[in-house]
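For reference, the chains in residue letters:
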Amino acid sequence: MEIVTADIGGTHCRFAIATKQSDGHITLSNEAKLKVAEHASLQTAFEAYREALGRPVPRHAAIAVAAPVEGELLKLTNNPWVIRPALTAERLGLESAMLVNDFAAVAHAVAVCGPDEFANLAGPGEGLPANGVVSVIGPGTGLGVAMLLTGPRPRVVATEGGHIDFAPLDSLEDMLLAQLRARFRRVSVERIVAGPGLANIHAALAAIEGRAVPARDDKALWE
């Protein structure tokens, strides 16, 4: 069985063909990464992928989007596209299209990954708990957050945790918040720890220290 899969983020949209084998194992092929800014909508990006594929696409799709997926109209936080779930399949020329929150999709993947598919970054390295709550977090253009409730029947809870308020813990962070509040009024954790947060921190620290520095975006600072 084959379906089209897509991951729609703030900077890039990614497409692939997912094939489910008889043993339940899923493989990806024909992967492509497109820039959101170069396409006016999900439909035009999908058409570009279909044209480059050089073969008919499967008739069904699963699409992960960086936004809550409830309601008649989806507006992505860091992406100008607007998606109407009820019209998505028709506009893409498919029989069906299922929409899911992007980090809910990641949490579902975490639920079925084996211990050899994780890398320990900090802490005791004991792996995921057999029964408990796992936070699934990813800083990209925005900050994706989901919860995985492990157990005999794992459950995934989609959240918008990246939009909670930034809570300073010391005097330097108090000053950082004051600088960012002057620019954004409300400062979420996404302003600090997602990709553009590096440029925000760089500019705020320069202002705190009274230093004149050229403005740089997050890509330039990473490089």
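Just above, that's the structure.
Summarised in this report is the structure supplied together with it. Keep in mind that this is a model prediction, so the values were computed, not measured.

### Thoughts on the sheet that holds strand β10 (residues 155-158)
Here comes step 1: With antiparallel pairing, 3 strands are arranged side by side in an open sheet as β8-β9-β10. Bordering the open sheet on either side are β8 (132-139) and β10, each of which pairs with just one other strand. On average, each strand axis in the sheet is tilted by 25° relative to the strand beside it, whichever way the strands run.
Here comes step 2: Helix α3 (residues 102-112) contacts β8, β9 (143-150) and β10 of the sheet and is inclined by roughly 40° relative to β9.

### As for unusual backbone geometry
Peptide bonds are trans in most cases, and residues, glycine excluded, mostly fall at negative phi.
Here comes step 1: Non-glycine residue Asn30 carries a positive phi angle of around 50°.
Here comes step 2: With respect to the element layout, Asn30 can be found in strand β3 (residues 26-35).
Here comes step 3: Positive phi values are uncommon outside glycine, yet Arg185 reaches one of about 65°.
Here comes step 4: Exposure remark for Arg185: the relative accessible area of 71% places this residue in the exposed category.

### Some thoughts on the packing of aromatic side chains
Here comes step 1: Tallied over the full model, the rule gives 2 aromatic pairs.
Here comes step 2: Ring geometry for Phe15 versus Phe46: centroids 6.1 Å apart, planes at 65°, classification edge-to-face. Of this pair, Phe15 sits in strand β2 (residues 12-20) while Phe46 is found in helix α1 (residues 42-53), placing the two residues 31 residues apart along the sequence.
Here comes step 3: You can call Phe46 buried: its relative accessible area is 2%.
Here comes step 4: Arranged with centres 5.1 Å apart and planes meeting at 20°, the rings of Phe15 and Tyr49 form a pair that is stacked. Placement of the pair is Phe15 in strand β2 and Tyr49 in helix α1, with a sequence separation of 34 residues. Each member of the pair Phe15 and Tyr49 is classed as buried.
Here comes step 5: One aromatic cluster in this structure is built from Phe15, Phe46 and Tyr49.
Here comes step 6: One residue, Arg191, lies across the ring of Phe184, its end atom 4.0 Å from the ring centre.

### Points about the pattern of salt bridges
Think of it this way: side chains of opposite charge can pair up when their charged atoms draw near.
Here comes step 1: Applying the stated rule across the entire model yields 4 salt bridges.
Here comes step 2: Residue Arg59 is joined to Glu95 by a salt bridge in which the shortest nitrogen-to-oxygen separation is 3.9 Å. With Arg59 in the loop between α1 and β4 (60-65) and Glu95 in the loop between α2 (85-92) and β7 (96-101), this residue pair connects regions lying 36 residues apart in the sequence.
Here comes step 3: Residue classification places Arg59 among the partly exposed positions, given a relative accessible area of 42%.
Here comes step 4: Across the pair Arg186 and Asp165 runs a salt bridge, and its minimum N-O distance is 2.9 Å. Note that Arg186 is positioned in the loop between α4 (171-184) and α5 (190-193) and Asp165 in the loop between β10 and α4, a separation of 21 residues in sequence.
Here comes step 5: A residue is classified by how much of its surface remains accessible, and Arg186, at 42% relative accessible area, is partly exposed.

### With respect to α2
Here comes step 1: Residues of α2 that are buried include every one of Thr88, Ala89 and Leu92, and no others. Projected down its long axis, α2 shows its buried positions confined to an angular sector of 85°, all on one face. In α2, the exposed positions angled more than 90 degrees off the buried face are occupied by Ala86 and Glu90.
Here comes step 2: Buried residues along α2 sit in contact with α1, β4, β6 (82-83) and β7.
Here comes step 3: Once α2 finishes, Gly93 follows within two positions and takes phi at roughly 70°, a positive value.

The rules behind the values
- Residues numbered from 1 in each chain as written.
- Predicted model: local features only at pLDDT ≥ 70, side-chain atom pairs only at ≥ 80, totals over all residues.
- Heavy atoms only, no water.
- Pairing = 2+ DSSP bridges.
- Helix = DSSP H or I, 4+ residues; strand = E, 2+ residues; numbered from the N terminus.
- Axes fitted to C-alpha atoms, helices over the stretch in contact; angles between N-to-C directions.
- Contact = heavy atoms within 4.5 Å.
- Buried < 20%, exposed > 50% of the residue type's maximum accessible area, 1.4 Å probe, protein only.
- Phe/Tyr/Trp six-rings, centres within 6.5 Å; stacked < 30°, edge-to-face > 60°.
- Lys NZ or Arg CZ within 6 Å of the ring centre and 35° of its normal.
- Salt bridge = Lys/Arg side-chain N within 4 Å of Asp/Glu carboxyl O.
- Arc of directions from axis to C-beta.

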